[in-house]
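Per-entry structural report
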Amino acid sequence: MASQLIGFQHHRSLARLVVALFAAFVLVSGASAGKTVVIDPGHGGRDNGAKWGGIAEKDLNLDVARRVEALLKERGIPVVMTRRSDAYVSLDSRAAVANRYKNSLFVSIHFNAVNNRSITGIETFYLSTRGSKLANSIQRRLAQRIHTRDRGTKKRHYSVLKKTRGVAVLVECGFISNGWERDRCAQSWYKNILAQEIANGIAAHWKYYK
Ligand SMILES: [Zn+2]
């Protein structure tokens, strides 16, 4: 029993070493990799984001992000997610994921909320000039397809946009503080439309981004 246990532990430490070496390889090879799309579902874990009518923003963000990921992968575009579960991820860690890649297209996905419950619409934020092009590519498609207020693209010094070295944008997919917009944001068909137009906007920009 004792010798078996030692053997087992030996195997375990060997397995850990292999995992550690693999992780180091992925990290190093990732740093030199070419362009990659990084999808960032906002908030997560103890950070709910906005919460209205029993709907937490963090869940909507992850749901839409997963749909965008699937659509991009169907087109053969490499995608990395900053989180794949209901986990808390710091803003630094989110930017660090993007900064592993030489040319990253970072797209943070959020839903909005304000105290004035009559406010609706979709808007996309950027910081750099290159970011404004990706923001326009996404916002234009969302506004054409979706009947709501087109709040346009706006320059903002958001932390996550400042810390990412590649192209970075933040999409606010609608106001969950507005009952009408919240109801459809929670529907699968609507999340598919959001995801399709975000993916279309990314794919169109992807071709020109070097
Ligand atoms: Zn948010």
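Calculation rules
Residues numbered from 1 in each chain as written. Predicted model: local features only at pLDDT ≥ 70, side-chain atom pairs only at ≥ 80, totals over all residues. Helix = DSSP H or I, 4+ residues; strand = E, 2+ residues; numbered from the N terminus. Buried ≥ 20, exposed ≤ 12 C-beta atoms within 10 Å, placed from the backbone. Pairing = 2+ DSSP bridges. Axes fitted to C-alpha atoms, helices over the stretch in contact; angles between N-to-C directions. Contact = placed C-beta atoms within 7 Å. Left-handed = near helix turned anticlockwise from the far one by under 90°. Arc of directions from axis to C-beta. pLDDT = per-residue confidence, 0-100.

Bringing the overall build of the protein into the picture now. Helix and strand content of the protein: seven helices and eight strands. Evaluated residue by residue, the protein yields a buried proportion of 39% over its 210 residues.

Here the focus is the sheet that holds strand 6 (residues 122–126). Within a beta sheet, neighbouring strands are joined by backbone hydrogen bonds and run either parallel or antiparallel to one another. Strand order in this open sheet of six strands is 4-1-5-8-6-7, and the pairing throughout is mixed. Edge positions in the sheet fall to strand 4 (79–81) and strand 7 (150–155), since each of these pairs with one other strand and no more. Strand after strand, the sheet turns through a mean of 20° between neighbouring axes, direction not considered. Alignment of strand 6 against strand 8 (residues 167–175), held across four bridges, turns out to be antiparallel. Note that in strand 8 the partner of Phe125 across the bridge is Leu170. The strands touched by helix 4 (residues 129–145) within the sheet are strand 5 (103–112), strand 6, strand 7 and strand 8, with strand 6 carrying the most contacts at an inclination of about 170°.

For the rest of this paragraph, the subject is the pairing of strand 1 (residues 35–41). Of all seven residues in strand 1, six are buried, a share of seventy percent or more. Direction of pairing for strand 1 relative to strand 5: parallel, over a ladder of seven bridges. The partner of Ile39 across the bridge, within strand 5, is Val107. Both strand 1 and strand 4 contribute to a ladder of three bridges, which runs parallel.

Helix 7 (residues 188–206) packs onto helix 4 with a crossing angle of 145° between their chain directions and a minimal axis gap of 8 Å. Here the hand of the crossing between helix 4 and helix 7 comes out right-handed. The segment helix 4 lies against helix 7, with Lys133, Leu134, Ser137, Ile138, Arg141, Leu142 and Arg145 engaging Ile193, Glu197, Ile198, Asn200, Gly201, Ile202, Ala204 and His205.

Before going further, it helps to examine the pairing of strand 5. Taken across its 10 residues, strand 5 has nine buried, putting it largely inside the fold. Where strand 5 lies against strand 8, seven bridges are found, and the strand directions are parallel. The residue of strand 8 that forms the bridge with Asn112 is Phe175.

Before going further, it helps to spend a moment on helix 3 (residues 91–99). Regarding helix 3, the residues found buried are Arg94, Ala95, Val97 and Ala98. Buried residues of helix 3 fall within an arc of 150° about the axis and therefore sit on the same side. In helix 3, the exposed positions that point more than 90 degrees away from the buried face belong to Asp92 and Ser93. Structurally, helix 3 contributes buried residues whose contacts are with strand 1, strand 4, strand 5, helix 5 (159–163) and strand 8.

This part covers the confidence of the model for the protein. Here the protein shows a mean pLDDT of 89. Residues at 70 or above account for 84%. Between residues 1–8, whose pLDDT stays under 50, and residues either more than four places distant or in other chains, the model counts zero contacts. Note on residues 28–32: pLDDT under 50 across the span, and four contacts to partners over four residues away in sequence or across chains.

Within the secondary structure layout, Asn112 lies in strand 5. Overall, Asn112 belongs to the buried group, with 22 C-beta atoms counted inside 10 Å. Sequence separation between Asn112 and Asn178 is 66 residues, and the spatial gap between their C-alpha atoms is 9.5 Å. Non-local contacts of Asn112, meaning those with residues more than four positions away in its chain, are made with Ala50, Glu172, Gly174 and Phe175.

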